[in-house]
2 protein chains.
Amino acid sequence: MSTHATLLRSHGLSVTPQRLALLQTLSQYPHITADQATEAVRKSLGTISRQSVYNTLNALVEKGLARRIQPIDSPALFEDRVGDNHHHLICRSCGDVADVDCAVGFRPCLEASDDNGFIIDEADVTYWGECPKCQPKISNVHTTTKTKTKTRKAIS
Amino acid sequence: MSTHATLLRSHGLSVTPQRLALLQTLSQYPHITADQATEAVRKSLGTISRQSVYNTLNALVEKGLARRIQPIDSPALFEDRVGDNHHHLICRSCGDVADVDCAVGFRPCLEASDDNGFIIDEADVTYWGECPKCQPKISNVHTTTKTKTKTRKAIS
DNA sequence: GTACTATTTTGGACTGCGTCCAAAGTATGA
DNA sequence: TCATACTTTGGACGCAGTCCAAAATAGTAC
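Residues numbered from 1 in each chain as written. Chains lettered and ligands numbered in written order. Predicted model: local features only at pLDDT ≥ 70, side-chain atom pairs only at ≥ 80, totals over all residues. Heavy atoms only, no water.

1. Looking at the overall build of chain A
Inclusion rule: Numbered from the N terminus, helices here are DSSP runs of H or I no shorter than four residues, and strands are runs of E no shorter than two. Each residue is assigned to one of three classes by its accessible area relative to the maximum for its type, calculated with a 1.4 Å probe on protein chains only: buried under 20%, partly exposed between the two thresholds, exposed over 50%. Contact criterion: two residues are considered in contact whenever any of their non-hydrogen atoms come within 4.5 Å of each other. Residue burial considers only the protein chains on display, and all accessible areas are found by Shrake-Rupley using a 1.4 Å probe.
Scanning chain A from terminus to terminus reveals 4 helices and 6 strands. In sequence order, the secondary structure elements of chain A are arranged as α-α-β-α-α-β-β-β-β-β. Taking all 156 residues of chain A together, 45% fall into the buried category. By sequence separation, contacts in chain A at least 24 residues apart represent 41% of the contacts at least 6 residues apart. Summed over all atoms, the accessible surface of chain A reaches about 8,200 Å², with 51% contributed by carbon and sulfur.

Printed below as a string of structure tokens:
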């Protein structure tokens, strides 16, 4: 019960019903927009302001308790799965997002080939393609907008 | 001169002064926002509507002649460097963006560990950190907002 | 338990990025 | 040269997110 409360306290955030409800909501969805979160919290609390949702989500991201991903053509998505260096598969057709573990091992993506002098602390990998539901039935030619080589089935 | 014109024609796009100016502009900046592009084009053409800028940029992305990247806390950035599977380093402090070649070899990032049934056609890697200019002078402790392990210098 | 203070929440206004739309203009192909 | 389809224009609009000041509430000290 107080898991979320202690989590908040241990990160220096005071405990409010709004924040608890948001943590609860985050734990129920793999990825969720601020608006969807607002709607979900309103079902349990009755009401919450949009500003509080953003305040809280941003605070959680600040403290490393949540992560924000920013797909093209979509509002930001929030997730509470953090610290495991996982990545995301996004469907170009329906926008569906799936988690995927890192391909190469433990946090390999922090090794850029040339860091240009940057001190890198995070790598963010997004795979773009088509989810099973959106794939054409006859999977030889499928119409997309890109010139590049397409239609790769991953091995594993 | 007609390089850009033929490029447009060969992709089924008609040739207009606005499009030529935008291609010219794209080739001059490694990464540019729609607004910056508008401003730049207005310096050469005198005028262009915002809608035309977006139309053209989107068309170029459609045809694979440009790429759009969508950093958090920034409007979309466009670049004309395409087809070489390069990635991006973004500075959390100043927002500066640098290109970086792929770490592991040729398009390795298309190999997700588990594709969840997706047909993957592109992988998008963003490294987050601090650029040389924004790094604190004494580089032991530096204040950021994250809990995770930080301050990794890449090897190569 | 009460009182005080700092933090949080609220909601209304506002900004920025991007799109929609219909009318006018222009490139292309016959 | 003409006709048509595409492009450009600019004004309205929508959505995601932030700003702000006032009200409410959590944490702290007594």
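2. Topic: the nonpolar core
So the rule is basically this: By nonpolar core is meant a set of buried Ala, Val, Leu, Ile, Met, Phe, Trp, Tyr and Cys residues that side-chain atoms within 4.5 Å join together.
Of all hydrophobic cores here, the largest spans 20 residues; its most connected members are Leu 89, Phe 118 and Tyr 127 of chain A together with Leu 89, Phe 118 and Tyr 127 of chain B. Each residue touching Phe 118 of chain B, except ones within four places of it in the same chain, is listed here: Leu 89, Ile 90, Cys 91, Asp 96, Ala 98, Glu 130, Cys 131, Pro 132 and Gln 135 of chain A.

3. Let's talk about the protein's contact with DNA strand D
Rule in force here: Summary of the distance rule: residues count as near a molecule or strand when at least one heavy atom falls within 4 Å of that molecule or strand. Under this definition, polar contacts are N or O atom pairs within 3.5 Å; protein pairs additionally need one hydrogen-donor-capable and one acceptor-capable atom, and for neighbouring residues in sequence, both atoms have to be side-chain atoms.
For DNA strand D, the set of nearby residues contains 23 residues, the closest of which are Arg 50, Gln 51 and Tyr 54 of chain A together with Thr 16 and Ser 52 of chain B. Contact between DNA strand D and Arg 50 of chain A: a base nitrogen at 2.6 Å from a side-chain N or O atom of the residue. A distance of 2.9 Å separates a phosphate oxygen of DNA strand D from a polar atom in the backbone of Ser 49 of chain B. Broken down by secondary-structure element, the contributors of at least two residues to the surface near DNA strand D are helix 4 (50-62) of chain A together with helix 2 (17-28) and helix 4 (50-62) of chain B.

4. As for the side chain of Thr 38 of chain A
All names here are of chain A. Within the fold, Thr 38 resides in helix 3 (residues 34-45). You can call Thr 38 buried: its relative accessible area is 6%. Not counting chain neighbours up to four residues away, the residues in contact with Thr 38 comprise Ile 48 and Val 53.

5. Examining the sheet that holds strand 6 (residues 119-130) of chain A
Backbone hydrogen bonds hold the strands of a sheet together, and the pairing may be parallel or antiparallel. Applicable threshold: Two strands qualify as a pair provided that DSSP identifies no fewer than 2 bridges between them. Only the stretch in contact is used when a helix axis is fitted, and all axes are lines through C-alpha atoms; the angle between N-to-C directions ranges over 0 to 180 degrees.
Strand order in the open sheet made by the 6 strands is 5(A)-4(A)-6(A)-6(B)-4(B)-5(B), with mixed pairing throughout. Whereas interior strands pair on both sides, the edge strands pair on one side only; in this sheet they are strand 5 (97-100) of chain A together with strand 5 (97-100) of chain B. Going across the sheet, the axis of each strand differs from the next one's by a mean of 25 degrees, ignoring polarity. As judged from the 4 bridges shared by strand 4 (residues 87-91) of chain B and strand 6 (residues 119-130) of chain B, these two strands associate in the parallel manner. Bridge pairing in strand 6 of chain B places Cys 91 of chain B opposite Gly 129 of chain B.

6. Looking at the sheet that holds strand 1 (residues 32-33) of chain B
All names here are of chain B. With antiparallel pairing, the 3 strands of this open sheet are ordered in space as 1-3-2. Looking at strand neighbours, the two that pair on one side only are strand 1 and strand 2 (67-69), the edges of this open sheet. When strand 1 meets strand 3 (residues 77-79), the two strands line up antiparallel, connected through 2 bridges. In the sheet register, Thr 33 faces strand 3, and the bridge partner there is Leu 77.

7. What to know about the protein's contact with DNA strand C
Of all residues adjacent to DNA strand C, which total 21 residues, the nearest are Thr 16 and Ser 52 of chain A together with Arg 50, Gln 51 and Tyr 54 of chain B. Here the atoms of DNA strand C within 4 Å of the protein split so that 70% fall in sugar or phosphate, with bases taking the remainder. The side chain of Asp 35 of chain B places a nitrogen or oxygen atom 3.5 Å from a phosphate oxygen of DNA strand C. The separation between a phosphate oxygen of DNA strand C and a polar main-chain atom of Ala 76 of chain B is 3.1 Å.

8. Quick look at helix 4 of chain A
All names here are of chain A. In plain terms, the rule: To estimate the expected span of a helix, count its residues, drop one, and scale the result by 1.5 Å.
In a regular helix each residue adds 1.5 Å, so 13 residues correspond to 18 Å; helix 4 covers 18 Å between its end C-alpha atoms and thus fits that length. Looking at the buried side of helix 4, the elements it contacts are helix 1 (3-10), helix 2 (17-28), helix 3 and strand 3 (77-79). Backbone geometry just after helix 4 places Gly 64 at a positive phi near 80 degrees.

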